[in-house]
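# Coordinate inspection notes
Listed below are the residues making up each chain.
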Amino acid sequence: VASRQRVERERPSAEAAVFISPVPFNLTMQRLRGRLERYGKISFIRRRAHSIGVGADAIVQFAQAAHAKNAIEAVMTEHLLGDNITAARLCDVRGGAG
């Protein structure tokens with residue numbers, strides 16, 4: 001009798017999720033991933049377009065909170081993605097809910 005292994009999926013950590021805004025249309029998902037993955041493993045990126053068509057927001061889910069913290073510092077202090085683009089932990093943007 002073959003034993004079955006239970007595969008458990010961990011819920012993404014809000015501490016490791018980064019909210020980036022605004023994300024201009026010329027900053028593709030590939031470019032965004034390329035610039036941020038040097039700070040750690042990225043589980044996924046979700047992009048949400050603004051209804052008025054001026055850009056988008058993105059949520060970048062890192063595998064570890066420390067990686068997210070390093071990426072936020074780079075975006076904010078080194079202007080890694082551009083001068084007007086901001087980054088914060090998703091749980092801080094949502095007021096602790098995540």
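Shown above is the structure to which this text applies.
Presented here is an overview of the structure given in this document. Since the structure is predicted, the reported quantities are computational estimates derived from the model, not experimental observations. (Residues numbered from 1 in each chain as written. Predicted model: local features only at pLDDT ≥ 70, side-chain atom pairs only at ≥ 80, totals over all residues. Heavy atoms only, no water.)

## So, the side chain of Asp-57
Short version of the rule: Where helices and strands are cited, they refer to DSSP runs of H or I of at least four residues and of E of at least two residues respectively, numbered from the N terminus. To sort residues, take the accessible area from a 1.4 Å probe on protein chains only and compare it with the maximum for the residue type: under 20% means buried, over 50% means exposed, and anything in between is partly exposed. In protein, a polar contact requires one atom able to donate a hydrogen and another able to accept it; more generally it is a pair of N or O atoms within 3.5 Å, and residues adjacent in sequence count only if both atoms are side-chain atoms. Throughout, a contact is declared for two residues whenever any of their heavy atoms are within 4.5 Å.
The residue Asp-57 is located in strand S3 (residues 56–62) in this model. The exposure class of Asp-57 is buried, given its relative accessible area of 6%. A polar contact is formed between the side chain of Asp-57 and the side chain of Ser-21, at a distance of 2.6 Å. At a separation of 2.5 Å, a polar atom in the side chain of Asp-57 contacts the side chain of Arg-48. For Asp-57, the residues in contact, after removing those within four places along its chain, are Phe-19, Ile-20, Ser-21, Pro-22, Val-23, Arg-46, Arg-47, Arg-48 and His-50.

## So, the nonpolar core
Our working rule: Only buried residues count toward a nonpolar core. Its members are Ala, Val, Leu, Ile, Met, Phe, Trp, Tyr and Cys residues joined through side-chain atoms within 4.5 Å.
Counting residues in each nonpolar core, the largest one holds 22 residues, and the members touching the most others are Val-18, Ile-20, Leu-32, Leu-36, Val-60, Phe-62 and Leu-81. Residue assignment for this core shows that the elements contributing at least two residues are strand S1 (17–23), helix H1 (29–36), strand S2 (42–49), S3 and helix H2 (65–77). With five residues, H2 is the single largest residue contributor to this core. In this view, Ile-20 contacts Leu-32, Leu-36, Asp-57, Ala-58, Val-60, Leu-81, Ile-85, Thr-86 and Ala-87; residues no more than four positions away in its chain are not counted.

## So, the sheet that holds S1
Worth spelling out the cut-off: What makes two strands pair is DSSP finding at least two bridges between them. Between the N-to-C directions of two axes lies an angle of 0 to 180 degrees, each axis being a line fitted to C-alpha atoms and, for a helix, fitted only over the stretch in contact.
Taken together, four strands build an open sheet; the order of strands is S2-S3-S1-S4 and the sheet is antiparallel. Each edge of the sheet is formed by a strand with only one pairing partner; in this case those strands are S2 and strand S4 (86–89). When strand polarity is set aside, the average angle formed by the axes of neighbouring strands in this sheet is 20 degrees. Where H1 meets the sheet, its contacts fall on S1, S2 and S3, and the angle it forms with S2 comes to roughly 140 degrees. Set on the sheet, H2 makes contact with S1, S3 and S4; between it and S4 the angle comes to about 155 degrees.

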